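This is what each chain is made of:
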Amino acid sequence: MKRLIKRKALVLLLISAVFLASALCAFSCQRGPVPPTDGLSTLPTDLELTTPTTTAETTTTETTTTETTSTETTTTEPEIVHYYSHVIVFLDIQRVVFFHTDVRGEAIAEVSMRINSGAGATPTPVTPPDKPFIISGYSAKLLLFTKSRPIVWVRYATHVAGDIFFHSQPYDHFVDPDGKDVPLDKSLFNLAGYRSLGHSTISHGCIRLAMRDAVWLANNVHRDMPVYIFQSSKGYNIPDPEPLPPVDINTRWDPTDTDPANPYRQREQNNMAWKYKPVGTQPMTPAGTLPPASAAIGNKDQLPAGTSYRYLYTPDVSNPVLRTVFVVVTYPDGSYEEVRTKVNVVTEAEMTATTTPPETTPTETTPPEATTAPPVTTAPPGTTEPVPTTTETPEDDD
């Protein structure tokens, strides 16, 4: 009996052991591998990891990968091919020449223009044949050269290197009594330099041109364009430059300037601006009060009906000063001209003293045969406008 009980216990123990082993095996088969913890920092930045979400019955860890698609439009800009490949300045013949390099690599001189280069102690620097100046890309339609003596305005300036520019002939520069710059007056162009283009070296290193050619050059050079400056033009086949129109009007405008206010352009059109001549006057005004532009023209009665007037630049009349102004006179046919004159800005006291009529006192009767001298009117101090000099000095600085 005891032996039978022992057998049953042994069988039960074996069955329990087998059952336990099976259970352990089944449980271990349900577990997955341990996820790696390294390498997360190297995930692509367009992947997003979501946090685990929990339900009432089971806990499920969901890892969602969101793929972000970024659309980039890549536009391939066509390569800019400039027609003119390089520029050479020839000092011996005072020319600047534009070259075109053809498909065979042959450089052909196509456009030539007259210039003035540096003279004396400030010559235009010569470049080695293999080390040209490179156009920086800087240009300006108007520059004030403050380092030069005298200070001058230049137009259509194209930077070459250092202090060297291509630019127009210079224009006179003035300041008002309070030290403020007078804006550019296009009628104060350096005619002596214009007449010497292609013949003389007169600048302080820069390369001067007529206005027409300075504009054309500024529009046809490009950034990184090589500029060679050679002393000799020997061996080059250089085309003739376009003729420059003569100076045949009593004015200091550049004959090639296309501005409609240029008397040369007015003569071509034979318009009202060519036929009429407005005369500037010097109106007096209290500080802080800008007089109408028409007050600065003294012969309005001689100009056609319908003529209008405006300031080219709004002048500063905040303080007493003899201020230079520019008045644009526009005629009924649309033509116009710019008149340079002055406005006498004074204090209220000076204005009152000028406008108050003087008191009259009884005087003795003058015998009929006697004559009375006409009254003398004294202009307020500083109201006389200096006459701009017309001396043509080709040694102007730039």
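Rules used throughout
Residues numbered from 1 in each chain as written. Predicted model: local features only at pLDDT ≥ 70, side-chain atom pairs only at ≥ 80, totals over all residues. Heavy atoms only, no water. Pairing = 2+ DSSP bridges. Helix = DSSP H or I, 4+ residues; strand = E, 2+ residues; numbered from the N terminus. Axes fitted to C-alpha atoms, helices over the stretch in contact; angles between N-to-C directions. Core = buried A, V, L, I, M, F, W, Y, C linked by side-chain atoms within 4.5 Å. Buried < 20%, exposed > 50% of the residue type's maximum accessible area, 1.4 Å probe, protein only. Contact = heavy atoms within 4.5 Å. Polar contact = N/O pair within 3.5 Å; in protein donor to acceptor, adjacent residues only side chain to side chain. Phe/Tyr/Trp six-rings, centres within 6.5 Å; stacked < 30°, edge-to-face > 60°. Salt bridge = Lys/Arg side-chain N within 4 Å of Asp/Glu carboxyl O. pLDDT = per-residue confidence, 0-100.

Once that is clear, we can look at the sheet that holds strand E13 (residues 284–286). With mixed pairing, the 4 strands of this open sheet are ordered in space as E13-E16-E15-E14. Of all strands in the sheet, those with a lone pairing partner are E13 and strand E14 (308–311), marking the two edges. Strand-to-strand twist in this sheet, taken as the mean axis angle between neighbours without regard to direction, amounts to 40°. Pairing of strand E15 (residues 321–330) with strand E16 (residues 336–346) involves 10 bridges; the strand directions are antiparallel. When the bridges of E16 are listed, Thr330 appears paired with Tyr336.

Below, the discussion takes up the nonpolar core. Core analysis: the biggest nonpolar cluster contains 22 residues, and Val89, Val96, Phe98, Phe166, Leu209 and Leu217 have the highest contact counts within it. When contributions to this core are tallied by element, the ones reaching two or more residues are strand E3 (86–90), strand E4 (95–101), strand E5 (107–114), strand E8 (152–161), strand E9 (164–168), strand E11 (207–209), helix H3 (211–220) and strand E12 (226–230). Leu209 has contacts with Val96, Met113, Arg114, Ile115, Phe166, His167, Ser168, Gln169, Leu197, Ala214 and Leu217, leaving out every residue within four places of it along the chain.

Note on placement: His159 falls in strand E8. Only 2.8 Å separates the side chain of His159 from the side chain of Ser136, close enough to count as a polar contact. Apart from the residues within four sequence positions on either side, His159 is in contact with Ile135, Ser136, Tyr138, Ile164 and Phe165.

Turning our attention to the packing of aromatic side chains. Any two aromatic rings considered together are summarised by their centre-to-centre distance and by the angle between their planes. Taken as a whole and assessed by the stated rule, the structure comprises 13 aromatic pairs. Considering the side-chain rings of Phe99 and Tyr236, the 6.1 Å spacing of their centres and the 70° angle between planes classify their relative orientation as edge-to-face. Remark: Tyr236 occurs in the loop between E12 and helix H4 (263–269) and Phe99 occurs in strand E4; sequence separation between them is 137 residues. Given the relative accessible area of 37%, Tyr236 is considered partly exposed. Both rings, one in Tyr276 and one in Tyr331, keep their centres 5.9 Å apart while their planes meet at 25°; by these two values the pair is stacked. Taken together, the residues Tyr276 in the loop between helix H5 (272–275) and E13 and Tyr331 in the loop between E15 and E16 connect sequence positions 55 residues apart. Judged by its relative accessible area of 3%, Tyr331 falls in the buried class. Three or more aromatic residues link up through ring pairs in this structure, and these residues are Tyr83, Tyr84, Phe98 and Trp216.

Take the pattern of salt bridges next. Oppositely charged side chains can form a pair if their charged atoms are brought close together. This structure, assessed with the given rule, holds 14 salt bridges. Of the charged contacts in the structure, one is a salt bridge between Arg212 and Asp213, with a shortest N-O distance of 2.9 Å. By relative accessible area, Asp213 is classed as buried at 7%. Put simply, Asp248 and Arg267 hold a salt bridge, and the shortest N to O gap is 3.2 Å. Here the residue Asp248 occupies a position in the loop between E12 and H4, and Arg267 occupies one in helix H4, the gap between them amounting to 19 residues. Accessibility expressed as a relative area gives 45% for Asp248, which makes it partly exposed. On the basis of relative accessibility, which here comes to 34%, the residue Arg267 falls in the partly exposed class. Ionic contacts of the salt-bridge type, sharing partners, join the residues Asp102, Arg104 and Glu106 into one network.

Time to look at the confidence of the model for the protein chain. Mean pLDDT over the protein chain: 80, with 69% of residues reaching 70 or higher. pLDDT under 50 marks residues 23–66. Its contacts with residues more than four places away, or in other chains, come to 20 contacts. Here residues 361–396 is modelled with pLDDT under 50, and outside its nearest four sequence neighbours on either side it reaches 31 contacts, counting other chains as well.

Checked against the element boundaries, Leu191 lands in helix H2 (residues 191–195). We classify Leu191 as buried; its relative accessible area is 4%. Measuring from C-alpha to C-alpha, the distance between Leu191 and Pro255 comes to 9.4 Å, with 64 residues separating the pair along the chain.

All right, on to the pairing of strand E7 (residues 139–145) then. Regular strands place side chains that alternate from one sheet face to the opposite one. Note that E7 and E8 share 6 bridges and pair antiparallel. The partner of Ser139 across the bridge, within E8, is Thr158. In sequence, E7 turns back onto E8 through a hairpin of 6 residues.

Positive phi, close to 50°, is recorded for Tyr156, a residue that is not glycine. On the basis of relative accessible area, Tyr156 is assigned to the partly exposed category, the value being 21%. You will see that Asn270, though not glycine, has its phi angle at about 50°, which is positive. Assessed through its relative accessible area of 44%, Asn270 is described here as partly exposed.

It is worth spelling out the environment of Ser232 at this point. Its location among the elements puts Ser232 in the loop between E12 and H4. When its relative accessible area of 40% is taken as the criterion, Ser232 is described as partly exposed. Non-local contacts of Ser232, meaning those with residues more than four positions away in its chain, are made with Phe90 and Asp92. Here Lys234 takes part through its backbone nitrogen, which lies 3.1 Å from a polar atom of the side chain of Ser232.

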